[in-house]
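# Observations on the model geometry
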Amino acid sequence: MKEELIALKSELAELLERVNDLVELNDLRAKFLGKKGKLTAILRRMGELPQEERPFLGQLANKIKEEIEFAIEEKNEKIKERIKKDRLEKEKIDVTVPTKVILGHRHPLSIVLNDIIDFFYGLGYEVVEGPEVEWDYYNFEALNIPKDHPARDLQDTFYITDEILLRTHTSPVQIRTMERNKPPIKVIVPGRVFRSDAVDATHSPVFHQVEGLVIGEDITMADLKGTLTAFAKAIFGEERRTRFRPSFFPFTEPSAEMDISCISCNGKGCRLCSYTGWIEILGCGMVHPNVIKNGGYDPEKFSGFAFGMGLERIALLKYNIDDMRLLFENDLRFLSQF
Ligand code: DAH
């Protein structure tokens, strides 16, 4: 029996050599150590031995059992290690292999917005934002746009309920900003706005505006003109001439629109400027006393100016693009030019 036990060890060693995976190893374990295994079979026959030989063989059997267990465990570790190594080898990525990397970059709308923000940061403005789903009160009422004003037309405004809508401009953030802060205020407000328009070269139901609001003591039209003239030159070039035309907005008084000399013909007159030499870039004005009051301030004490522009329009002009749809279609042949 002693020889059998010792032979078992060398038999195992030989078989272990040939085992390659965990399934085979499990089979081998069962074959030697399992209930119907070889070692158990030998131990069953212990009873047949003379009494005096049993302790010695019992000890030997235990030792051999431990050795077998140890050898199997060792092999188990080895196989697992190899599997791990194989996997790492398979998943290895050679980061030094040369390849053509197409780098992403900013969208023209983002480039222009960053330029606008940069300019106003330089003058100490803060950037604030407001909700796209807005109360009728902020979008219209508080901005001095009464219930029967044509701008509220169902044809222009996406209403959600009688009192809730998708904001049609960034101007409601004027009121929200005044409500939350004390003057002086100097903010610009970039954001998405919505109007029930059909898509064409110059219209989209979703577009972007940048609003500006300045409130303080003794703010005058001269501040408005100085600021916006410097702005137009910063974005469109120092050589641009600017002019302010009287206009009307319910939330400003007086109101104006600002033109720049045509970027295409430099003022001589061409198709882009409808042969006027001028191109409109924004609306602006002195904040209406009712709006200042609705913001929570005393219009006798505080005054201010505001302006609003369409970001797409600025981008189209700046990059000489003739169709707004190009800005939304995400065609890489177009986008990669910027
Ligand atoms: N909210 C106006 C629009 O959507 C743009 C505008 C004009 C904003 C004059 C202003 C402003 O703040 O003073 O057409």
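Residues numbered from 1 in each chain as written. Predicted model: local features only at pLDDT ≥ 70, side-chain atom pairs only at ≥ 80, totals over all residues. Heavy atoms only, no water.

### Comments concerning the packing of aromatic side chains
Here the structure, examined in full by the defined rule, presents 11 aromatic pairs. Ring centres 4.9 Å apart and planes at 75 degrees place the aromatic pair Y319 and F338 in the edge-to-face group. Linking Y319 in helix 10 (residues 311-319) with F338 in the segment after helix 12 (332-335), this pair joins segments that are 19 residues apart in sequence. Relative accessible area serves as the criterion here: at 26%, F338 is assigned to the partly exposed category. Here the aromatic residues F119, F120, Y125, F231, F305 and F307 are joined through ring pairs into a cluster of three or more. (Phe/Tyr/Trp six-rings, centres within 6.5 Å; stacked < 30°, edge-to-face > 60°. Helix = DSSP H or I, 4+ residues; strand = E, 2+ residues; numbered from the N terminus. Buried < 20%, exposed > 50% of the residue type's maximum accessible area, 1.4 Å probe, protein only.)

### Observations concerning the site of the ligand
Close to the ligand lie 15 residues, the nearest being H169, S171, R195, Q209 and E211. Residue Q209 places a side-chain N or O atom 2.9 Å away from an oxygen atom belonging to the ligand. At 3.2 Å from an oxygen atom of the ligand is found a main-chain nitrogen or oxygen belonging to A306. Relative to its free-state accessible area of 360 Å², the ligand is covered by the protein chains to the extent of 89%. Its atoms largely coinciding with the cavity grid, the ligand occupies the largest pocket. (Near = heavy atom within 4 Å. Polar contact = N/O pair within 3.5 Å; in protein donor to acceptor, adjacent residues only side chain to side chain. Areas by Shrake-Rupley, 256 points an atom, 1.4 Å probe, with all protein chains shown as cover. 1 Å grid on protein atoms, 1.4 Å probe; cavity = no way out; pocket = protein on both sides within 12 Å on 5 of 7 lines; lining within 4 Å. Sits in = over half its atoms within 2 Å of the grid points.)

### A look at helix 5 (residues 108-122)
Three or four residues apart is the spacing at which side chains of an α-helix point the same way, because the helix has 3.6 residues per turn. Here helix 5 contains 15 residues, and its C-alpha end-to-end distance of 21 Å stays within 8% of the 21 Å for a straight helix at 1.5 Å per residue. Along helix 5, the residues that are buried comprise P108, L109, V112, L113, I116, I117, F119 and F120. Looking one or two places after helix 5, you find G124, whose phi comes out positive at around 90 degrees. (Expected span 1.5 Å × (residues − 1).)

### With respect to the domain arrangement of the protein
Under the domain assignment, the protein is made up of domain 1 (2-91) and domain 2 (108-335). Relative to domain 2, the C-alpha centre of domain 1 lies at a distance of 83 Å. (Domains from an automatic or database assignment.)

### So, the sheet that holds strand 1 (residues 126-127)
If you walk across this open sheet you meet the seven strands as 1-4-5-9-8-7-6, and the pairing is mixed. Every interior strand has two partners, whereas the edge strands, strand 1 and strand 6 (242-249), have only one. Pairing between strand 5 (residues 206-216) and strand 9 (residues 303-310): eight bridges, direction antiparallel. Following the sheet pairing, E211 is matched in strand 9 by G308. In this fold helix 7 (residues 172-180) packs onto strand 4 (185-194), strand 5 and strand 9, with an angle of close to 40 degrees to the strand it touches most, strand 5. (Pairing = 2+ DSSP bridges. Contact = heavy atoms within 4.5 Å. Axes fitted to C-alpha atoms, helices over the stretch in contact; angles between N-to-C directions.)

### Some remarks on helix 7
In terms of burial, helix 7 is a largely internal element, seven of the nine residues being buried. Of the residues making up helix 7, those classed as buried are P172, V173, Q174, I175, R176, T177 and M178.

### Description of the environment of V187
Residue position: V187 is located in strand 4. Considering only alpha carbons, one finds V187 and E211, 24 residues apart in sequence, at a separation of 8.2 Å. What V187 contacts, discounting residues up to four positions off in sequence, is Y125, E126, V128, T177, E211, G212 and L213.

### A closer look at the nonpolar core
Ranked by internal contacts, the top residues of the largest apolar core, which has 45 residues, are I116, I281, L282 and F307. At seven residues, the largest contribution of residues to this core is made by helix 5. Core analysis: the next-biggest nonpolar cluster, separate from the first, contains 22 residues, L12, L16, L60 and I68 among them. (Core = buried A, V, L, I, M, F, W, Y, C linked by side-chain atoms within 4.5 Å.)

### Structural notes on the layout of surface pockets
By rolling a water-sized probe across the atoms, one finds the places where empty space is left. Empty space within the largest pocket amounts to approximately 1300 Å³. Looking at the largest pocket, it is lined by 50 residues, and the ones nearest its centre are R195, F207, E280, G310 and R313. Examining the composition of the lining of the largest pocket, we find that seven residues originate from one element, strand 8 (residues 278-287), more than from any other. The residue inventory of the lining of the largest pocket, partitioned by class, reads 22 nonpolar, 18 polar and 10 charged. (Points joined across faces, edges and corners; volume = space filled by probe spheres on them. Nonpolar A, V, L, I, M, F, W, Y, C, P; charged D, E, K, R; others polar.)

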